[in-house]
Structures are given as structure tokens and as C-alpha cells.
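Residues per chain are reported as follows:
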Amino acid sequence: MPSLVRKRVLVTGGAGFLGSHLCERLLADGHDVLCVDNYFTGAKANIASLVGSPHFEMLRHDVSTPLLAEVDEIYNLACPASPIHYQHDPVQTLKTSVLGAIHMLDIARRTGARVFQASTSEVYGDPDVHPQTEDYCGNVNPLGPRACYDEGKRCAETLFFDHRRQHGTRIKVVRIFNTYGPRMHPDDGRVVSNFITQALRGDDITLYGDGSQTRAFCYVSDMIEGFVRMMDSEDDVTGPVNLGNPHEIPVRELAERVLVLTGSRSRLVYRPLPQDDPTQRCPDIGRARRMLGWQPEIGLEDGLGRTIAYFERLLSGDPARTVSDALIAG
Ligand code: NAD
Ligand code: UDP
């Protein structure tokens with residue numbers, strides 16, 4: 001529903017998976033959107049249908065360098081999110097998280113804008129508290145291959161809370177748990193996109209380890225609703241707030257469900273577990289329920305069905321149609 005007040009909203013990482021859905025939602029709500037992205041893992045196709053709108057503007061820019069903008073709200077999503085992408089250039093990943101946070105906080109401090117940080121369940125590392133609550137400080141290996149992402153996001157959170165204490169900056173920090181849906185990058189190695197594309201192509205389904213590690217998967221529209229509610233909450237709701245679907249399953253079960261839903265005859269094959277891969281992960285979303293009145297609405301079968309339909313069209317070689325279909329479907 002269009003908002004009564006048209007706000008100027010900056011979305012970093014707006015050409016990525018979550019960012020493009022967020023830009024679309026903000027435009028539908030009646031706001032002006034400035035999308036900033038360096039296209040490292042994002043794609044122009046993700047925002048193609050938004051480009052003609054007089055309320056949408058695209059800027060190619062790397063957030064690890066300073067930016068000037070006059071806006072009312074900032075959503076800071078810029079950062080590669082899949083292990084193969086964030087480990088490709090770990091120093092740049094750290095710069096994106098840390099310098100990107102500094103630059104967005106500087107804009108917020110100067111303009112008085114609210115600034116939202118897309119943090120992650122990875123701040124909990126390989127957790128020994130389960131499910132994870134926001135007051136758990138985590139179990140992160142600061143030297144391992146995931147550290148560029150985990151520690152970069154932890155440092156960004158520190159910067160957000162120090163900015164608030166030091167300058168009164170209006171911060172909003174959410175910790176996002178595994179999210180999936182249309183416009184995930186087909187080759188970024190994340191488990192949902194991997195299993196679906198493997199199943200649709202008839203390739204082997206690659207289970208890392210014995211597949212007993214757990215995750216909890218949230219459909220993208222639910223996550224975007226959580227973002228908007230967090231941004232619209234009172235200034236004293238700073239977070240961190242966990243956002244995710246608390247329905248936890250072993251990765252092996254996810255593979256089995258994908259096989260059933262696609263009707264695929266792919267085989268399950270076992271590959272080595274990557275270093276520091278968390279053995280279990282599930283959000284406690286009590287805080288989001290209480291403070292935002294938010295909880296996920298889309299179940300796994302439904303969300304997987306929508307995502308499979310997207311990848312079927314993508315793999316059939318009609319990406320333009322896929323993008324516009326996904327935009328229409330939301
Ligand atoms: P994505 O890779 O699709 O999107 C990230 C976007 O940021 C891309 O468009 C990329 O080009 C852009 N980007 C990367 N480095 C940049 C830089 N230096 N300057 C400008 N743009 C840059 O990933 P996503 O899944 O959409 O994730 C979005 C945000 O949400 C990330 O910050 C990620 O850490 C966080 N997150 C996502 C998940 C998830 O399950 N999808 C889980 C936890 C946290
Ligand atoms: N995974 C898997 N096969 C794949 C890709 C991932 O078994 O082809 C596992 C991975 O080891 C992890 C889980 O699925 O335990 C989720 O991986 P993803 O990279 O999607 O997200 P994250 O590890 O950041 O939660």
C-alpha cells in the first residue's frame with residue numbers, strides 16, 4: 001500500500017538478491033529509491049524493470065569509498081553473501097563491510113537519516129547456544145576462511161552501536177538468517193540455489209559432510225517485510241533483531257524435499273564439509289515478534305515451489321521473462 005509520506009531511500013547492494021526485492025517493495029510503497037551497487041554479485045537484470053520509474057535511480061558505486069547523498073533512510077545491504085563470493089577477495093569483503101558501514105553511518109549522522117544494517121546469523125559463528133538469541137555473543141573463528149565475512153559484519157555492528165552512543169545516530173540492526181527465493185544467483189553456491197539447479201539439470205545433489213547440519217530457511221518476501229517493519233519502528237528499537245524462519249531442518253532433508261518437488265531423479269552425493277561450517281543454526285525470533293509484530297508467513301513447501309518455478313524459467317533460457325515474472329510475482 002502506498003505510504004502517506006514519500007521518503008528518499010538509499011539502498012546499497014540494491015541490485016542483489018535481497019536488495020532488488022527491497023527496492024521493488026519501497027517503490028510500491030510510494031518512496032523514491034536510490035540504488036547503489038558495484039555489480040560484484042548483483043545484476044542489472046534484477047532491477048531492469050525498475051529503471052524506467054521516475055522514482056528509481058541507479059548509481060554504480062563501491063561502498064568502500066565515500067559517498068554523499070541527501071536521504072531520509074539508508075538500507076545498507078552491500079556485501080557478497082555467499083561463501084564462494086565473499087571468500088573470492090576476502091580483503092575486499094572486509095573493506096566492504098567495515099568501510100561501507102562507516103560511510104553509510106557518516107551519511108546518516110550528517111543528514112539525520114535512519115540507517116539499517118543487514119547483519120547476519122554468521123555473527124554467531126558455529127553456535128553453542130541453540131536456538132540463537134540476540135544476547136548470545138557467538139563462537140567465531142577470527143582466523144578461518146569465513147572470518148572476512150563474519151568478523152566484517154561483527155565489526156560493522158560495533159560501528160553502528162558506537163555511532164549511536166557517540167553521535168546519537170538513528171540505527172537499525174537486523175541479523176538475517178538464511179533467506180531464499182527468486183533472483184538468487186544460480187551459481188553462487190548457496191544451498192537452496194545449488195540443490196534446485198542441480199535437481200532441475202539432473203546433476204548430482206552435493207551434500208557437504210553427512211548433511212546432518214541444520215539451517216532454517218526464510219522466504220524472501222517475509223524477510224523484506226521484516227526489513228520494512230524494522231525501519232518503520234520507533235527510534236529506540238535499534239536491534240539487533242534476528243529475522244529468519246525458525247523452522248529448522250537438516251540440509252539432507254532440504255535435498256530430499258527439493259527432489260520430491262522437482263520430480264528429479266538426481267542422486268545425493270557426499271562432499272567434504274567446508275571448514276568452520278556451522279553444525280546448527282536456527283533463529284529465536286521472540287524479539288522480532290514482540291517488537292515488530294513480525295513472523296514469517298510462507299512455509300518451506302510454498303517458498304521452494306515459487307523458487308523452483310523461477311529457476312525452471314531461468315534455466316529454460318529465458319532470463320528476461322524470468323526477471324519480469326519474478327517482479328510481477330513479488
Ligand atoms: P547478493 O550477493 O545478492 O547482494 C549483495 C549486493 O551487494 C550485490 O548486488 C553486490 O553487487 C553488492 N555489493 C557487494 N560489494 C559491494 C560494494 N563494495 N559496493 C557496492 N555494492 C556491493 O546477496 P544478498 O543475499 O542479497 O545479501 C544482501 C545482504 O544481506 C548482504 O549484506 C548479506 O550479508 C546479508 N545477508 C543475506 C543473507 C541471505 O541469506 N541472503 C543472510 C544473512 C545476511
Ligand atoms: N551446502 C551443501 N551443499 C551445497 C551447498 C551448501 O550441503 O551444495 C551446505 C553448507 O555446507 C551449509 C548449508 O548447506 O552447511 C548452508 O550453506 P549456504 O552456503 O547456503 O549458507 P551458510 O553456510 O552461510 O548458512
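Basis of the calculations
Residues numbered from 1 in each chain as written. Chains lettered and ligands numbered in written order. Predicted model: local features only at pLDDT ≥ 70, side-chain atom pairs only at ≥ 80, totals over all residues. Heavy atoms only, no water. Buried < 20%, exposed > 50% of the residue type's maximum accessible area, 1.4 Å probe, protein only. Helix = DSSP H or I, 4+ residues; strand = E, 2+ residues; numbered from the N terminus. Contact = heavy atoms within 4.5 Å. Near = heavy atom within 4 Å. Polar contact = N/O pair within 3.5 Å; in protein donor to acceptor, adjacent residues only side chain to side chain. Areas by Shrake-Rupley, 256 points an atom, 1.4 Å probe, with all protein chains shown as cover. Core = buried A, V, L, I, M, F, W, Y, C linked by side-chain atoms within 4.5 Å. Phe/Tyr/Trp six-rings, centres within 6.5 Å; stacked < 30°, edge-to-face > 60°.

**A word on helix α6 (residues 191-201)**
In an α-helix, one full turn covers 3.6 residues, which means residues spaced three or four apart are oriented alike.
Next, step 1: The element α6 is extensively covered by neighbouring structure, given that eight of its 11 residues are classed as buried.
Next, step 2: Along α6, the residues that are buried comprise V192, S193, N194, F195, I196, T197, Q198 and A199.
Next, step 3: On its buried side, α6 packs onto β7 (179-180), β8 (205-208), α8 (251-262) and α10 (300-315).

**Structural notes on the site of ligand 1**
Next, step 1: Around ligand 1, the structure places 30 residues, and the nearest of them are L18, D37, T41, Y149 and K153.
Next, step 2: L77 places a polar main-chain atom, nitrogen or oxygen, 2.8 Å from an oxygen atom of ligand 1.
Next, step 3: When the free accessible area of ligand 1 is taken as 820 Å², the share hidden by the protein chains comes to 96%.
Next, step 4: Secondary structure elements with two or more residues in the shell around ligand 1: α1 (17-28), α4 (90-111), β5 (114-120) and α5 (147-167).

**With respect to the nonpolar core**
Next, step 1: Within the largest apolar cluster, 59 residues are counted, with the highest numbers of intra-cluster contacts made by L22, Y75, F116, F227 and L243.
Next, step 2: If you tally residues by element for this core, the top one is helix α7 (residues 220-232), at seven residues.
Next, step 3: The next biggest cluster of nonpolar side chains, apart from the first, holds 21 residues, and it includes L34, L67, I74 and M104.

**Comments concerning the packing of aromatic side chains**
Next, step 1: Taken as a whole, this structure holds seven aromatic pairs when the rule is applied.
Next, step 2: Plain terms: the ring middles of Y180 and Y219 are 5.6 Å apart, the flat faces sit at 70 degrees to each other, and that makes the pair edge-to-face. With Y180 in strand β7 and Y219 in strand β10 (residues 218-219), this residue pair connects regions lying 39 residues apart in the sequence.
Next, step 3: Summarising the aromatic geometry, the rings of Y310 and F311 are spaced 5.1 Å apart at their centres and angled 75 degrees between planes, so their arrangement reads as edge-to-face.
Next, step 4: A relative accessible area of 4% places Y310 in the buried class.
Next, step 5: For F311, a relative accessible area of 0% puts it in the buried group.
Next, step 6: By the ring-pair criterion, three or more aromatic residues cluster together here, those being Y75, F116 and F227.

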